[in-house]
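Each chain, letter by letter, is given below.
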Amino acid sequence: MARIAGVNIPTNKHVGIALTHIFGIGRSRALTICKAAGVNIATAVKDLTEIEVARLREVIAKFPVEGDLRRETAMNIKRLMDLGVYRGIRHRRGLPLRGQRTRTNARTRKGPRRPVRK
């Protein structure tokens with residue numbers, strides 16, 4: 001298994017697909033990375049040379065991925081909460097942020113229904 005950005009990517013898959021196992025890299029960015037590194041997207045990871053893997057690592061290092069991206073996202077949410085803006089308050093209360101109704105629906109954000117007592 002090739003280890004890129006702290007993730008063991010699957011060896012039996014094509015590079016274009018295997019890179020999507022890294023948090024922060026989707027199909028579009030994977031293709032961009034392969035093109036920038038000069039690696040054929042149809043090549044299996046197990047057939048990559050060490051030089052190609054090193055070039056992939058260099059290109060991927062330019063993007064926020066894995067822990068850095070998670071940290072950045074968490075800091076953005078924390079900043080909204082600290083500022084006390086509407087979106088931050090909704091995050092704090094665990095309610096929908098983008099105008100969805102909460103009288104009905106919103107179960108994804110609110111969690112399972114609690115039983116109502118009479």
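Each remark here, short or long, concerns the structure printed above.
Thresholds, definitions, all that
Residues numbered from 1 in each chain as written. Predicted model: local features only at pLDDT ≥ 70, side-chain atom pairs only at ≥ 80, totals over all residues. Heavy atoms only, no water. Helix = DSSP H or I, 4+ residues; strand = E, 2+ residues; numbered from the N terminus. Rg over C-alpha atoms; globule rule 2.2 N^0.38 Å. Contact = heavy atoms within 4.5 Å. Areas by Shrake-Rupley, 256 points an atom, 1.4 Å probe, with all protein chains shown as cover. Lys, Arg positive; Asp, Glu negative; His and termini not counted. Charge placed at Lys NZ, Arg CZ, Asp CG, Glu CD. Axes fitted to C-alpha atoms, helices over the stretch in contact; angles between N-to-C directions. Parallel < 35°, antiparallel > 145°, perpendicular 65-115°, else oblique. Left-handed = near helix turned anticlockwise from the far one by under 90°. Nonpolar A, V, L, I, M, F, W, Y, C, P; charged D, E, K, R; others polar. Core = buried A, V, L, I, M, F, W, Y, C linked by side-chain atoms within 4.5 Å. Buried < 20%, exposed > 50% of the residue type's maximum accessible area, 1.4 Å probe, protein only.

**So, the overall build of the protein chain**
Then comes step 1: In terms of helices and strands, the protein chain carries six helices and two strands.
Then comes step 2: By the compact-globule yardstick of 13 Å for 118 residues, the protein chain is too spread out, its C-alpha radius of gyration being 20 Å.
Then comes step 3: Taken along the three principal axes of its C-alpha coordinates, the protein chain extends 65 × 30 × 20 Å.
Then comes step 4: Taking the intrachain contacts of the protein chain between residues at least 6 apart in sequence as the baseline, contacts between residues at least 24 apart amount to 43%.
Then comes step 5: Split by element, the accessible area of the protein chain, about 8600 Å² in all, is 52% carbon and sulfur.
Then comes step 6: If the 27 positive side-chain charges of the protein chain are averaged to one point and the 8 negative ones to another, these points end up 21 Å apart.

**Structural notes on the packing of helix 2 (residues 27-37) against helix 3 (residues 50-60)**
Then comes step 1: Where helix 2 contacts helix 3, the two axes come as close as 9 Å, and the packing angle between them is 120°. One way to sum up the angle between helix 2 and helix 3 is to call them oblique. The chirality of how helix 2 crosses helix 3 is right-handed. Contacts between helix 2 and helix 3 pair Ile 33, Cys 34, Ala 36 and Ala 37 from the former with Arg 55, Leu 56, Val 59 and Ile 60 from the latter.
Then comes step 2: Looking at the contact of helix 2 with helix 3, its residues break down into seven nonpolar, no polar and one charged.

**Some points on the nonpolar core**
Then comes step 1: Ranked by size, the top nonpolar core spans 21 residues in total, and within it Ile 9, Leu 19, Ile 22 and Leu 56 carry the most contacts.
Then comes step 2: Where this core is concerned, the elements lending two or more residues are strand 1 (2-4), strand 2 (7-9), helix 1 (15-18), helix 2 and helix 3.
Then comes step 3: Apart from the residues within four sequence positions on either side, Leu 56 is in contact with Ile 4, Val 15, Leu 19, Ile 33, Cys 34, Ala 37, Val 39 and Leu 48.

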